[in-house]
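# Residue-level structure breakdown
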There are 2 protein chains.
Amino acid sequence: MDRQFLVSRIKEKKNFLCVGLDTDADKIPDDLKAKKYSLFEFNRRIIDETIDYCVAYKINTAFYEAQGSKGWEQMQKTVEYIPSSHFKIADAKRGDIGNTSHQYAKAFFVNMPFDAITVSPYMGNDSVTPFLSYKDKWTIVLALTSNVGSKDFEQQKIGNNLLYESVIKTVASWGTADNLMFVVGATKALDLKRIREIIPNHFILIPGVGAQGGSMEDVVKYGLTGDGGLLVNVSREIIYAGNGKNFAKEAGKIAKRYDTNMKSYL
Amino acid sequence: MDRQFLVSRIKEKKNFLCVGLDTDADKIPDDLKAKKYSLFEFNRRIIDETIDYCVAYKINTAFYEAQGSKGWEQMQKTVEYIPSSHFKIADAKRGDIGNTSHQYAKAFFVNMPFDAITVSPYMGNDSVTPFLSYKDKWTIVLALTSNVGSKDFEQQKIGNNLLYESVIKTVASWGTADNLMFVVGATKALDLKRIREIIPNHFILIPGVGAQGGSMEDVVKYGLTGDGGLLVNVSREIIYAGNGKNFAKEAGKIAKRYDTNMKSYL
């Protein structure tokens, strides 16, 4: 999906919500657990009920890998089920030496129809650039994450910058605002003001709203641009809104509430 | 595998070689390509011919993921085929917020019999510690990698340290020399001297000997300890030593050459 299409979707729908499919085999309703493709069946119902209220889905690869090859198969079925109207992110946090990153890119961009993959910047240029060579695909690089551990390295001073600022400045020079995004946790929304001075045009993927406690209002205040420029991800608060027969409808209700809230900003 | 057993294996065999199974579906011999489990069949033959000349195997997850769920199944078959006498590393470079890292740990330590997983330190403490809670399992944290991009962030100055030194010092305090190792590329062997001052007892996983050009002599000179303390990984130079009918025997010959060389040091 190219930038123009992504921006047009956000503007048409007045929505920048990404629904996170962190689908935990232990947390899905009991009557689905017995099904052969239980993760996929859960996701399919969640997607059906949320698709009108979001512009993107993010699949957290860990939850599928934890179910072995059958989990991987269900990740594939899920991403193939999401229509091309929606932006599809593999939250995989990969990154390795060049010839290995090429294999990861093949896994997610060629063999599966993901539009984007999250990548760790630690190993530098040749671990990131293999992902950038795919047309209309996006590389979403970790900058300032939502977790407590972000203080250990990301927020340490490196020269005149914090490490995550150095990551944003350096990595931004390897691609463009048409193929690079950055991850900034919603729990760090106040830092978005400074980050927007470095990258006024890049899209930012914002996890950490909802279960992790980040504030939508702050995220919008400091992060929103004329093109939207944000994808705000909510995972657990939406997909585990209910745990009975109506779990998907409950998820849809929460997604709709985010949609209504977002429409007030765009 | 606990440290005592790993050290005893290295001392008995006078060997610290890790064979890297970066098994590329495009590079395996033609007569294997038609088989249902071609990656596994390739690996099985390589393992049979190299097992006497190494103490560890490292499976690079990217090459299996690039083959979809069938690739994942073959990673599982491969790690299950390797006997418990050998140390089994998932070179996965994972790392995410705590509840997600727990899922990755489940994928590699519970559902598959890996002894160790490689982890990126970028996201800090709560992205690494979930892996440390498994008894007799190891977390191998990226420190100074073998690739050109290591200069972009790993070798940047952070306070009085380079970032990778700060990673080693900080991460070492989260675990012990019984459950933590670090990755240092063979192409950076001269830095091992300073690294050994920080972590005299930790095992170090050394990729980059062979195809990437690192020197075994320098690695041994600056990295070897009384317990061995090193796992030197060689991937492409061994597994693609030949590409005809005798590919596995050719791989065995190169592994044997490394074994002979290592015996001269231990």
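Overview of the structure. (Residues numbered from 1 in each chain as written. Chains lettered and ligands numbered in written order. Predicted model: local features only at pLDDT ≥ 70, side-chain atom pairs only at ≥ 80, totals over all residues.)

One non-glycine residue, Lys14(A), lies in positive phi territory at about 50°. Turning to its location among the elements, Lys14(A) is positioned in the loop between helix H1 (3-13) and strand E1 (17-21). Residues other than glycine seldom take positive phi values, yet Lys93(B) does so here, at roughly 50°. You can see Lys93(B) is positioned in strand E3 (residues 87-94). (Helix = DSSP H or I, 4+ residues; strand = E, 2+ residues; numbered from the N terminus.)

Attention now moves to the interface of chain B and chain A. Listed per partner, the contact involves 49 residues of chain B and 49 residues of chain A. Breaking the side of chain B that touches chain A down by element, the ones donating at least two residues are helix H4 (61-65), helix H5 (68-81), E3, helix H6 (98-110), helix H7 (125-132), strand E6 (157-158) and helix H8 (163-172) of chain B. The element best represented in the side of chain B that touches chain A is H6(B), accounting for 6 residues. The residue makeup of the side of chain B that touches chain A, split by class, is 16 nonpolar, 22 polar and 11 charged. (Contact = placed C-beta atoms within 7 Å. Nonpolar A, V, L, I, M, F, W, Y, C, P; charged D, E, K, R; others polar.)

Residue and element names in this part refer to chain B. With 7 of 7 residues buried, strand E5 (residues 138-144) is to be regarded as a mostly interior element. Sheet topology places strand E4 (residues 116-119) next to E5; 4 bridges connect them, and they run parallel. Counterpart to Ile117 in the pairing with E5 is Thr139. Running through H7, the crossover from E4 to the neighbouring parallel element E5 is right-handed. Note: E5 against strand E8 (residues 180-184), 5 bridges, orientation parallel. The partner of Val141 across the bridge, within E8, is Phe182. (Buried ≥ 20, exposed ≤ 12 C-beta atoms within 10 Å, placed from the backbone. Pairing = 2+ DSSP bridges. Right-handed = clockwise from strand over helix to strand, strands pointing away.)

Residue and element names in this part refer to chain A. Following both chains from N to C, one finds helix H3 (residues 38-50) and helix H12 (residues 247-263) inclined at 40°, their axes separated by 8 Å at the closest point. Comparing their axes, H12 and H3 come out oblique. Considering how the two elements wind past one another, H3 and H12 form a crossing that is right-handed. Residue-level contacts link Arg45, Ile46, Asp48, Glu49 and Thr50 of H3 to Ala248, Lys249, Ala251, Gly252 and Ala255 of H12. Tallied by class, residues from the contact of H3 with H12 come to 4 nonpolar, 2 polar and 4 charged. (Axes fitted to C-alpha atoms, helices over the stretch in contact; angles between N-to-C directions. Parallel < 35°, antiparallel > 145°, perpendicular 65-115°, else oblique. Left-handed = near helix turned anticlockwise from the far one by under 90°.)

Superposing chain B onto chain A takes a rotation of 180° combined with a translation of 0.0 Å along the rotation axis, leaving an RMSD of 0.0 Å. The symmetry that links the two subunits is that of a two-fold axis. Both copies share a contact surface, since 100% of the interface residues of chain B are interface residues in chain A too. (Least-squares fit on C-alpha atoms with pLDDT ≥ 70 in both.)

When a protein is soluble and globular, its nonpolar side chains tend to lie buried together. Within the largest apolar cluster, 181 residues are counted, with the highest numbers of intra-cluster contacts made by Leu17(A), Ile140(A), Val141(A), Leu17(B), Ile140(B) and Val141(B). Residues within four places of Leu17(B) in sequence aside, it is in contact with Tyr53(B), Cys54(B), Val55(B), Val232(B), Val234(B), Ala255(B), Tyr258(B), Asp259(B) and Met262(B). (Core = buried A, V, L, I, M, F, W, Y, C linked by C-beta atoms within 7 Å.)

Residues and elements named next belong to chain B. Strand order around the closed barrel formed by 8 strands is E1-E2-E3-E4-E5-E8-E9-E10, with parallel pairing between neighbours. On average, each strand axis in the sheet is tilted by 30° relative to the strand beside it, whichever way the strands run. As paired strands, strand E9 (residues 203-206) and strand E10 (residues 230-234) are joined by 3 bridges and run parallel to one another. Counted as the bridge partner of Ile206 is Val232 from E10.

Residue placement: Ser127(A) occurs in helix H7 (residues 125-132). Among the residues examined, Ser127(A) registers 28 C-beta atoms within 10 Å and is labelled buried. Taking the C-alpha atoms as reference points, Ser127(A) and Gly98(A), separated by 29 residues in sequence, lie 5.3 Å from one another. With sequence-adjacent residues up to four places away left out, Ser127(A) is seen in contact with Gly95(A), Asp96(A), Ile97(A), Ser101(A), Asn147(B) and Gly149(B).

So, about the pairing of strand E3 (residues 87-94) of chain A. Residue and element names in this part refer to chain A. Counting buried positions over the 8 residues of E3 gives 8, a clear majority of the element. Of the two faces of E3, the one holding Phe87, Ile89, Asp91 and Lys93 and the one holding Lys88, Ala90, Ala92 and Arg94 are both buried throughout. In the sheet, strand E2 (residues 56-60) pairs with E3 via 5 bridges, with the strands oriented parallel. Counterpart to Ala56 in the pairing with E3 is Phe87. As defined by bridge partners, E3 adjoins strand E4 (residues 116-119) across 3 bridges and the pair is classed as parallel. Residue pairing for E4: Ala90 is matched across the bridge by Ile117. As a crossover connection, the stretch from E3 through helix H6 (residues 98-110) into E4 is right-handed.

Note that every value here comes from positions in space, so none of it alone points to a role or purpose.
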